[in-house]
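# Examination of the molecular architecture
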Amino acid sequence: MLTCLPGVLSKDDVADFRRIMDASEWEDGRSTAGAQSAMVKRNEQLPPDGEVARKLGNRIISALTSNPRFIAAAIPLQIFPPLFNRYAADSGHHFGLHVDNAIRGDRLTGLRIRTDLSVTLFLAEPEDYDGGELVIEDTYGSHEVKLPAGDCVLYPSTSLHLVTPVTRGTRVASFFWLQSMIRDDQARSMIFDLDTAIQALVERLGRDDPETVKLTGIYHNLIRYWAEV
Ligand SMILES: O=C(O)CCC(=O)C(=O)O
Ligand SMILES: [Fe+2]
């Protein structure tokens, strides 16, 4: 399942992130790539262990973990420290077709996760650059994603994906991975759909309606059945 979350960061936060990022040193994006993706990755990144990436990354994690739609869609167990990238038109930046590494380890904290979901949080407005679409392949075909600054997309880390060449301006983003309590994408999608339907029923019938209570029980029991914590 591919999920878009609007307004994870406010426009003021995005402007603040961009001020800090634009004044930082960047490095070749291949520093964090696996063997296959290094062959097709052409972009720049903030140093992953640097203070700027860590501080901004923590702000993203705080914003996400207080976002009910993110929690409902991802059911996160561990979130990898966010990384930051940019693709500039004048350097011909792009990222060819690849799949993300299954396991990611963080040198600083020792955190090690299985990547269930990949996340891109857009930090440039779509009208400020051409190209730079994130193209995600799944069993239903290819999906092009290019969202307003402050919005993010979650997609299964099992998907092949690419970023098309940026042909005008600069695309800036944060990208990272998370391990979900529910490993299976289909199971997690069903839990999310059930949750969304229950929330709509609660609005119409109230939280203490007997059928709503039963469905809420089923929601928790499915999580009990599937979750690894
Ligand atoms: O820039 C993006 O949106 C995705 C980056 C990506 O796929 C990666 O770094 O593995
Ligand atoms: Fe990727």
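Residues numbered from 1 in each chain as written. Chains lettered and ligands numbered in written order. Predicted model: local features only at pLDDT ≥ 70, side-chain atom pairs only at ≥ 80, totals over all residues. Heavy atoms only, no water.

## Here we look at the overall build of the protein
Tallying secondary structure elements over the protein gives six helices and 16 strands in all. Taken over C-alpha atoms, the radius of gyration comes to 18 Å for the protein, in line with the 17 Å a tight globule of 229 residues would show. The dimensions of the protein, computed from C-alpha atoms along their principal axes, are 60 × 35 × 35 Å. Scored against the burial criterion, the 229 residues of the protein give a buried share of 48%. Contacts spanning at least 24 positions in sequence make up 77% of the contacts within the protein whose residues lie at least 6 apart. In the structure as shown, the protein presents an accessible area of about 11400 Å², 55% of it carried by carbon and sulfur atoms. Of the charged side chains in the protein, 24 are positive and 32 negative, and the gap between their average positions amounts to 4 Å. (Helix = DSSP H or I, 4+ residues; strand = E, 2+ residues; numbered from the N terminus. Rg over C-alpha atoms; globule rule 2.2 N^0.38 Å. Buried < 20%, exposed > 50% of the residue type's maximum accessible area, 1.4 Å probe, protein only. Contact = heavy atoms within 4.5 Å. Areas by Shrake-Rupley, 256 points an atom, 1.4 Å probe, with all protein chains shown as cover. Lys, Arg positive; Asp, Glu negative; His and termini not counted. Charge placed at Lys NZ, Arg CZ, Asp CG, Glu CD.)

## Re unusual backbone geometry
With glycine set apart, most residues show a phi of negative sign, and most peptide bonds adopt trans. Within the chain, isoleucine 75 stands out as a residue other than glycine whose phi angle is a positive 40°. By the element assignment, isoleucine 75 lies in the loop between helix H4 (68–74) and strand E5 (76–79). Judged by its relative accessible area of 8%, isoleucine 75 falls in the buried class.

## Description of the coordination of the iron ion (ligand 2)
Within the first shell, the iron ion (ligand 2) binds the protein through His98 (NE2), Asp100 (OD) and His161 (NE2), at distances of 2.1 Å. Residue classification places histidine 98 among the buried positions, given a relative accessible area of 3%. Histidine 161 gets classed as buried once you look at its relative accessible area, which sits at 3%. (Donors = N, O, S within 2.8 Å, 3.2 Å for Na, K, Ca; no water.)

## Side note on the packing of helix H5 (residues 185–205) against helix H6 (residues 210–226)
Interhelical geometry of H5 versus H6 gives an angle of 160° and a closest axis separation of 10 Å. Judged by the inter-axis angle, H5 sits roughly antiparallel to H6. Note that H5 runs across H6; the crossing there is left-handed. In this structure, H5 uses Ala187, Met190, Ile191, Leu194, Asp195, Ile198, Leu201, Val202 and Leu205 to contact H6, whose residues at the interface are Thr212, Leu215, Thr216, Ile218, Tyr219, Leu222, Ile223 and Trp226. A breakdown of the residues in the contact of H5 with H6 according to their chemical character gives 14 nonpolar, two polar and one charged. (Axes fitted to C-alpha atoms, helices over the stretch in contact; angles between N-to-C directions. Parallel < 35°, antiparallel > 145°, perpendicular 65-115°, else oblique. Left-handed = near helix turned anticlockwise from the far one by under 90°. Nonpolar A, V, L, I, M, F, W, Y, C, P; charged D, E, K, R; others polar.)

## Details of the pairing of strand E13 (residues 141–145)
One ladder, built from five bridges, connects strand E12 (residues 134–138) with E13; its direction is antiparallel. Its bridge partner lying in E13, leucine 134 is registered against valine 145. Connecting E12 to the next strand, E13, in antiparallel fashion are two residues. (Pairing = 2+ DSSP bridges.)

## A closer look at the packing of aromatic side chains
Overall, the coordinates contain four aromatic pairs when judged by the stated rule. The structure contains a cluster of three or more aromatic residues connected by ring pairs, namely Phe80, Phe175 and Trp177. (Phe/Tyr/Trp six-rings, centres within 6.5 Å; stacked < 30°, edge-to-face > 60°.)

## Thoughts on a nonpolar patch on the surface
There is a patch of nonpolar side chains on the surface, built from Leu97, Val99 and Leu160 and spanning about 210 Å² of accessible area. If you trace the backbone, leucine 160 turns up in the loop between strand E14 (152–156) and strand E15 (161–163). (Patch = residues over 30% accessible without salt bridge, like charges linked within 9 Å, V, L, I, M, F, W, Y side chains within 5 Å. Salt bridge = Lys/Arg side-chain N within 4 Å of Asp/Glu carboxyl O.)

## What about the site of ligand 1?
Inspection of the region around ligand 1 gives Asn85, Tyr87, Phe95, His98, Asp100, Thr120, His161, Val163, Arg171 and Phe175 as its neighbouring residues. A distance of 3.1 Å separates an oxygen atom of ligand 1 from a polar atom in the side chain of histidine 98. Here histidine 161 contributes a side-chain N or O atom positioned 3.0 Å from an oxygen atom of ligand 1. Considering ligand 1 on its own, with 290 Å² of exposed area, one finds that the protein chains cover 97% of that surface. When contributions to the shell around ligand 1 are tallied by element, the ones reaching two or more residues are strand E6 (83–88), strand E7 (94–98), E15 and strand E16 (166–180). Class assignment of the residues belonging to the shell around ligand 1 gives a composition of four nonpolar, four polar and two charged. (Near = heavy atom within 4 Å. Polar contact = N/O pair within 3.5 Å; in protein donor to acceptor, adjacent residues only side chain to side chain.)

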